There are 2 protein chains.
Amino acid sequence: MIRLFVSDDLKAGAPIAPGMDASRYLIAVMRLAIGSEVALFNGRDGEWRATVVDADKRRCRLTVGSRIRVQETGPDLTLVVALVKRGRLETIVEKAAELGVARVQPVLTRRTNADKANVERLQAIAVEAAEQTGRLDVPEILPPVKLDKLLDSWDASRRLMFCDETGGAPVLEALSGVEGGPWAILIGPEGGFAPEETERLRGLEYATVVSLGPRILRADTAAISAMTLWQVALGDWLSASTT
Amino acid sequence: MIRLFVSDDLKAGAPIAPGMDASRYLIAVMRLAIGSEVALFNGRDGEWRATVVDADKRRCRLTVGSRIRVQETGPDLTLVVALVKRGRLETIVEKAAELGVARVQPVLTRRTNADKANVERLQAIAVEAAEQTGRLDVPEILPPVKLDKLLDSWDASRRLMFCDETGGAPVLEALSGVEGGPWAILIGPEGGFAPEETERLRGLEYATVVSLGPRILRADTAAISAMTLWQVALGDWLSASTT
């Protein structure tokens, strides 16, 4: 069944009028007709069955039926990632959605060339990936900030997994015996962190410094590997089967 | 230092004449001049320093200097992956190189739409990724075969990590206490395996059935997560720091 993220409140009998893009997707791309069923979620009310009750070429209307799944929230995990080339950043956002991250915080570092990200487009990618991966919420894409500024106002109750290209402990060893709760993963730019950044990061009391293996990884690979290992060590892959 | 994969034997003083593409890359893209140094590897003789001794617009010539690293071989790990859309397959090959896989075997499954892969192009992607990631060999891209045929002639001394979307044991639990040696990871197509394929795979005595978490993953995500977890459990991420 097609899954669609909406902003509306979801309850039995509620009328839903998807926007133009979503309508076009349902009617023109997926060829849904009146009477077809989709699954809706909004990040708050769980997942609901809904039926297409009206459709023309540009818009469709749905009516919410019964609830399929109750709302559940994934781990409180933030992916902090240096701005990298657009294609790789988009891959990272898609994978963050699939791998159960709660939010993505792009950061500018000393060696980051880019200083902008199309947050709206990244958010749309996150929505689509969330729809496909079956989760009940969508990771939030935050506007880019400078790494130094982010660290200045960091809440020390959120631990930081710092993936350090210059070396660190094997990930699972470093994360074993550590507590869950709020966490973040930090992935640097392709050129690596500047020495003064690495020094600051290594000195943070809330940071766990880890190594991602013996080879040099692209930023997208590093992000996906790190998110996977965090989920296995502290997140919802601990004992899970695929839904 | 720029790394370049070559097919020539490498020893001190040997002359190397890179092909047209490699020459163009060195001279036109990377702007190397006579006297510039690069690192060469061929998968057999380790990594060697070499100097540009001659260059015109179309070709350059190098002379091998001293050896920088002795040859080492990574784990004997095959990634068996269903043919997926070209872009995602190319991502998978790039990541297989970064994550230390020895070879990639594309397979045709019941629910695979594609029946061809551009092996030559995939091999070029593997070479480039191997150059960038710092490994001393290049993963071999094998021509696509049918999954059933591959299993018919499988050497049972090679264990198979079967990533089953319909459920399995948590990966690290399943791989703990298992022996290293020759292994393969099997990643299915986006539509999943057909029930008769799943049944056959689950019944193989050399297969370890694992789950990749509670969400539905794209084939490229599943492949990257699986390779990462295998490396952490049985491969060269066990105690490694980044080079």
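Since we're looking at a predicted model, the values are computed, not measured.

1. Some details on unusual backbone geometry
Phi is positive for Arg-31 of chain A, which is not a glycine, with a value near 60°. Judged by relative accessible area, Arg-31 of chain A falls into the exposed class, the value being 70%.

2. Comments concerning the sheet that holds strand β2 (residues 15-16) of chain B
All names here are of chain B. Taking strand neighbours across the sheet as the criterion, the five strands line up as β1-β3-β4-β5-β2 in an open arrangement whose pairing is mixed. Either end of the sheet is taken by a strand with one partner, and the two such strands are β1 (3-5) and β2. Here β2 pairs with strand β5 (residues 60-69) via two bridges, running antiparallel. Within the sheet, the bridge partner assigned to Ile-16 lies in β5 and is Leu-62. Contacting β1, β3 (37-41), β4 (47-55) and β5, helix α1 (residues 20-29) crosses the sheet at an angle of about 85° to β5.

3. Some remarks on the packing of helix α2 (residues 86-98) of chain B against helix α3 (residues 119-133) of chain B
Angle between the axes and distance between the axes are the two parameters that describe a pair of packed helices. All names here are of chain B. Two numbers describe how α2 lies on α3: the axes approach to 8 Å, and their chain directions differ by 35°. Between α2 and α3 lies a crossing of right-handed hand. Contacts between α2 and α3 pair Leu-89, Glu-90, Val-93, Glu-94, Ala-97 and Glu-98 from the former with Arg-121, Leu-122, Ile-125, Ala-126, Ala-129, Ala-130 and Thr-133 from the latter. A per-class count over the contact of α2 with α3 returns eight nonpolar, one polar and four charged.

4. Some thoughts on the pattern of salt bridges
Summed over the entire model, instances satisfying the criterion amount to 48 salt bridges over all chains. Taking the shortest distance from any N to any O, the salt bridge between Arg-135 of chain A and Asp-137 of chain A comes out at 2.8 Å. Residue Arg-135 of chain A shares its accessibility class with Asp-137 of chain A, and that shared class is buried. Connected via shared salt-bridge partners are Arg-88 and Asp-220 of chain A together with Glu-94, Lys-95 and Glu-98 of chain B.

5. Notes on the sheet that holds strand β1 (residues 3-5) of chain A
Residues and elements named next belong to chain A. Spatially, five strands are ordered β1-β3-β4-β5-β2 in an open sheet, and the strand pairing comes out mixed. Single-partner strands in this sheet number two, and they are β1 and β2 (15-16). With five bridges joining them, strand β3 (residues 37-41) and strand β4 (residues 47-55) adopt antiparallel strand pairing. Bridged to Val-38 within β4 is Ala-50.

6. Things to note about the domain arrangement of chain A
The extent of an interface is frequently quoted as the accessible surface area lost upon association of the parts. Residues and elements named next belong to chain A. If you check the domain split of chain A, you get domain 1 (3-69) and domain 2 (77-234). Each of domain 1 and domain 2 has a C-alpha centre, and the two are 33 Å apart. Across the boundary between the two partners, domain 1 contributes eight residues, which contact eight residues of domain 2. A combined buried area of about 700 Å² lies between domain 1 and domain 2, and 62% of that area is made up of carbon and sulfur atoms. Interface area lost by domain 1 to domain 2 is led by Arg-3, Phe-5 and Phe-41, which between them contribute 64%. Run the count over domain 1 and domain 2 and you get zero salt bridges. One can count six residue pairs in polar contact (both at pLDDT 80 or more) joining domain 1 with domain 2. Residue composition of the side of domain 1 that touches domain 2, by class: three nonpolar, two polar and three charged.

7. Notes on the pairing of β5 of chain B
All names here are of chain B. Looking at chain direction, β4 and β5 are connected through seven bridges and run antiparallel. The partner of Asp-54 across the bridge, within β5, is Arg-61. Linking β4 back to β5 in an antiparallel pair, the connection comprises four residues.

Cut-offs and rules
Residues numbered from 1 in each chain as written. Chains lettered and ligands numbered in written order. Predicted model: local features only at pLDDT ≥ 70, side-chain atom pairs only at ≥ 80, totals over all residues. Heavy atoms only, no water. Buried < 20%, exposed > 50% of the residue type's maximum accessible area, 1.4 Å probe, protein only. Pairing = 2+ DSSP bridges. Helix = DSSP H or I, 4+ residues; strand = E, 2+ residues; numbered from the N terminus. Contact = heavy atoms within 4.5 Å. Axes fitted to C-alpha atoms, helices over the stretch in contact; angles between N-to-C directions. Left-handed = near helix turned anticlockwise from the far one by under 90°. Nonpolar A, V, L, I, M, F, W, Y, C, P; charged D, E, K, R; others polar. Salt bridge = Lys/Arg side-chain N within 4 Å of Asp/Glu carboxyl O. Domains from an automatic or database assignment. Buried area = accessible area lost by both parts, 1.4 Å probe. Polar contact = N/O pair within 3.5 Å; in protein donor to acceptor, adjacent residues only side chain to side chain.

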